[in-house]
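So the chains spell out like this:
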Amino acid sequence: MAKIDMAKFAAFCKDNGFIFQSSEIYGGINGFWDYGPLGVELKRNIKDAWWLDMVRNPPPGPDGQEIRMVGLDCSIIMNPKVWVASGHVGAFADPTRKCSGCGKFTRADQLWAILAESEWMNSLIQEFTPVTGKYDTHRLMKWAKGKGPKLAPNLALVRNPEVTLAWLATRVNGQPDAPPTLQEFTHYIATEQLHQTGLQEPCPACGAPLGEAKQMSLMFESHAGLEKSDDSKVYLRPETAQGIFANYRNVLNSTRLKLPFGIAQIGKAFRNEVTPRNFTFRSREFEQMEIEFFCRPEESMKWYEYWRDLRKKWYSTLGIQSSNLVPREQGKEELAFYSLGTTDIEYLFPFSDDPQELEGVAHRGDYDLTQHAKHSGKVDDLAYFDEELWNNDSQTMSTRSFKEWLKSNTTPEQIAKYKFVPHVIEPSAGADRFTLAVLCEAFTEEQVKDAKGNAETRTVMRFHPRLAPIKCAIFPLVNKEGMPEKAMTLYRQLKPHFNVAYDDKGAVGRRYRRMDEVGTPFCITIDGDTMKDDTVTIRERDSMAQRRIPISQVKDEVLKAISVG
Ligand code: GAP
C-alpha cells in the first residue's frame with residue numbers, strides 16, 4: 001500500500017468530519033478520539049455490517065448447517081472477581097520503561113518503532129547513513145548545538161557532545177570493518193558515562209536514558225460507590241469477551257441453544273496503553289466486535305479453521321484488497337499456554353512497513369469457562385450437558401437417568417462424552433481499527449480533467465457502498481424552474497431508506513468533488529429534462545460515468561448497491 005502522511009491524513013479526517021481529537025479545545029487527551037458527523041455513520045455502518053453478517057445472517061457452517069448465534073450487551077463495569085478469574089488483574093500488563101529525564105513512559109517492546117516516529121530521531125537520522133554507518137562529526141556537533149536542544153534537550157549528544165562523540169569515535173576506530181548500525185549509533189549518542197552506565201537507550205520524547213523495563217497494568221481503575229477503598233475498586237473492562245463468558249449459563253437457560261453456538265457482543269473496551277499511537281490504531285478507549293463460539297472439543301479445530309477463513313473473507317467483501325490483508329498464524333512460542341492456535345488477521349496500514357493486527361481469531365480451548373468455574377464455584381453452570389446425545393445413547397443402557405448412570409463405574413472419559421466444558425473459538429475484531437483501515441484503504445488521490453479540460457487532483461474516498469457514510473446525494477441543477485422542489489421530494493422519499501445528502505450550492509462539478517471527497521457512491525442531478533420526462537442523471541463516484549434513469553428507479557439502484565452479496 002502506498003504510504004500516506006498520517007499527520008496530513010488526520011487533518012483530512014478532521015476537515016471532513018470523520019475523526020476529531022477528543023477534547024481538542026483543551027489541548028486534546030492522548031489516546032482518545034471522537035467520531036464526527038461522517039465518522040459516526042461510517043463506524044455505525046461497519047458495526048451494522050458485522051452484526052448482520054455474523055450474528056443475524058452468518059453463512060452456513062462447515063457441515064452446511066445454519067450457524068446459531070445470539071447477541072449480548074453487557075455492562076462495562078463488572079464484579080472485579082471476573083478480572084481476577086480471567087487473569088487480567090494479575091497479568092494484563094505491558095513492559096514499560098520510565099524516562100530518567102522527563103518521566104514519560106515508553107513501551108519497552110516497541111521502543112525502536114516509537115523512536116523511529118519521534119521528531120528528534122527523524123531529524124538526527126539525516127546526519128547518519130544507516131547502510132554504511134557513516135556520519136559527519138561536524139554535522140552532528142552542529143545538530144547538537146542547533147536543533148538538538150529544542151528537540152531532544154536531555155540527549156547525551158546534546159548535553160555533552162564532545163564526550164559522547166568521543167565514545168562513538170572509539171567504537172568506530174575499534175572496529176573499522178564493522179560500521180555501527182542505526183541502533184548502535186543511537187545507543188552511543190544516548191550515552192555520556194559509558195563506563196559507569198554502559199550503553200543507554202534514549203527516551204523518544206526528550207532523549208534522556210530510559211530506566212529498566214517494568215510490567216505496568218493496562219487496567220483502568222475506578223470505584224463503585226462513594227467509599228474509595230480496595231473493597232470498592234472496580235475496573236473498566238479491557239475486553240468485551242468476559243461479559244460473554246460470565247453470561248454463558250444465562251444465555252443457555254434463556255435460549256435453550258444447543259452446541260455449537262456463538263454469543264456476540266459489540267462494545268467499548270478500555271486499556272491504559274503506555275504509548276497510544278498511529279492515530280486511532282492504538283487508543284485507550286475503543287470498541288470491539290467479539291464472538292465466543294462454543295463447540296464440542298473434538299470439533300474445535302474444524303470451527304477454528306471455519307472462523308479464521310470466514311473472518312478474513314469478510315474484510316475482502318467490504319472492499320479491503322486481499323494484497324493488503326495478511327493472516328498470520330502465531331508461532332508456538334507466541335501462543336498463550338491454553339491456546340491451540342491463533343491467527344492474527346493483519347492489515348498493511350500506510351504508517352508501517354509491516355502489517356498490523358486488525359483482528360485475532362483464537363482457539364481458547366476450555367480456558368475461560370474453566371477459570372470462571374474455578375473462581376465462581378459454579379462448576380455445573382459452566383459445563384455443558386449434551387442431553388440429545390444422552391437421550392439417544394441411553395436408550396440401550398441400563399438406566400435413562402444420567403445421575404444414576406454416574407453412580408455406576410463410569411470413567412471420566414465416558415462422562416466427558418455427555419458432560420464437558422465446551423471449547424471456544426474467539427474471533428475478536430476492533431471496530432475502530434477496521435474503521436481506520438477502511439479510511440486508509442478508501443483514500444485515493446488521482447489526476448483527472450475538470451470541465452474545461454484542465455488537469456486537477458481529485459481526492460476520492462472509495463468506500464464500499466455498504467460502508468459509505470452517505471449513500472447518495474441529490475442536486476437540483478439550478479435553484480429555479482421547479483428543480484429544487486422536485487429534488488427535495490426525491491430527497492424526502494429516499495431518506496427513510498438510507499443516508500442521503502441534499503446539496504444545491506455551487507457548480508455541479510464542485511458538488512461532485514465534495515461528494516467524492518467523502519466517498520458518496522452516487523450523485524443524482526435533477527435538471528431541465530427531469531421536469532419534462534421524469535428522468536435523472538445518476539453519476540457513479542469511482543468511474544465518474546453518468547447515465548440517465550427514471551427517477552422512480554433511484555431508490556432501487558442505490559439499495560441494490562448497498563445490499564449484501
Ligand atoms: N478478547 C480478546 C482480545 O481482546 P486483543 O487482541 O487484545 O484480543 C482484539 O484485542 C482486537 O481489539 C484487536 O485485534 C484490535 O482490533 C482491537 N484492539 C485491541 N487493543 C486496541 C487498542 N488499544 N486500540 C484500538 N483497538 C484495539
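Residues numbered from 1 in each chain as written. Predicted model: local features only at pLDDT ≥ 70, side-chain atom pairs only at ≥ 80, totals over all residues. Heavy atoms only, no water.

**Student:** Can you help me understand the nonpolar core in this one?
**Tutor:** With 64 residues, the main nonpolar core has Phe9, Trp307 and Phe434 as its most contacted residues. Considering every element that reaches this core, the biggest residue donor is helix H20 (residues 431–442), with eight residues. Not counting residues within four places of it along the chain, the set of residues in contact with tryptophan 307 comprises Met54, Ile67, Met69, Ile291, Phe293, Val361, Ile425 and Pro427. Counting residues in each nonpolar core, the second largest holds 25 residues, with Leu111, Leu115, Trp120 and Tyr188 among its members. (Core = buried A, V, L, I, M, F, W, Y, C linked by side-chain atoms within 4.5 Å. Buried < 20%, exposed > 50% of the residue type's maximum accessible area, 1.4 Å probe, protein only. Helix = DSSP H or I, 4+ residues; strand = E, 2+ residues; numbered from the N terminus. Contact = heavy atoms within 4.5 Å.)

**Student:** I keep staring at the site of the ligand and nothing clicks. Help me out?
**Tutor:** Around the ligand lies a shell of 19 residues, among which Glu239, Arg271, Glu290, Glu357 and Leu358 are the nearest. Taking glutamate 239, its side chain carries an N or O atom lying 2.6 Å from a nitrogen atom of the ligand. A total of 550 Å² of accessible area belongs to the ligand in isolation, and the protein chains cover 89% of it. Broken down by secondary-structure element, the contributors of at least two residues to the shell around the ligand are strand S12 (285–295), strand S15 (356–365) and strand S18 (423–430). Looking at side-chain class alone, the shell around the ligand contains five nonpolar, five polar and nine charged residues. (Near = heavy atom within 4 Å. Polar contact = N/O pair within 3.5 Å; in protein donor to acceptor, adjacent residues only side chain to side chain. Areas by Shrake-Rupley, 256 points an atom, 1.4 Å probe, with all protein chains shown as cover. Nonpolar A, V, L, I, M, F, W, Y, C, P; charged D, E, K, R; others polar.)

**Student:** Teacher, can you tell me more about the environment of histidine 138 here?
**Tutor:** With respect to the helices, strands and loops of the structure, histidine 138 is situated in helix H7 (residues 137–145). Sequence separation of histidine 138 and phenylalanine 522 is 384 residues, and the distance between their C-alpha atoms is 59 Å.

**Student:** Before we go on, may I ask you to explain the state of the cysteines in this structure?
**Tutor:** Covalent bonding between the sulfur atoms of two cysteines is what defines a disulfide. Evaluated as defined, the whole model comprises zero disulfides. You can see cysteine 99 has no disulfide; the closest cysteine sulfur is in cysteine 206, sitting 3.5 Å from it. The class of cysteine 99 is buried, set by a relative accessible area of 4%. (Disulfide = S-S within 2.5 Å.)

**Student:** It is not clear to me how the packing of aromatic side chains should be interpreted in this structure. Could you clarify?
**Tutor:** For any pair of aromatic rings, the description rests on two quantities: the centre-to-centre distance and the angle between the ring planes. Within this structure, the stated rule accounts for 37 aromatic pairs. Note on phenylalanine 281 and phenylalanine 349: the rings are 5.2 Å apart at their centroids and 75° apart in plane angle, and the pair reads as edge-to-face. Highlighted residues: phenylalanine 281 in the loop between strand S11 (261–270) and S12 and phenylalanine 349 in the loop between strand S14 (341–347) and S15, separated in sequence by 68 residues. On the accessibility criterion, phenylalanine 281 (6% relative accessible area) is buried. A centroid spacing of 5.8 Å and a plane angle of 50° characterise the contact between tyrosine 384 and phenylalanine 420, whose relative ring orientation is tilted. Highlighted residues: tyrosine 384 in strand S16 (residues 384–385) and phenylalanine 420 in strand S17 (residues 419–420), separated in sequence by 36 residues. Per residue, the accessibility class of tyrosine 384 equals that of phenylalanine 420, and both read buried. Taken together, the ring pairs connect Phe9, Phe12, Phe18, Trp33, Phe279, Phe443 and Phe463 into an aromatic cluster. Sitting over the ring of tyrosine 304, arginine 308 keeps its end group 5.8 Å from the ring centre. (Phe/Tyr/Trp six-rings, centres within 6.5 Å; stacked < 30°, edge-to-face > 60°. Lys NZ or Arg CZ within 6 Å of the ring centre and 35° of its normal.)

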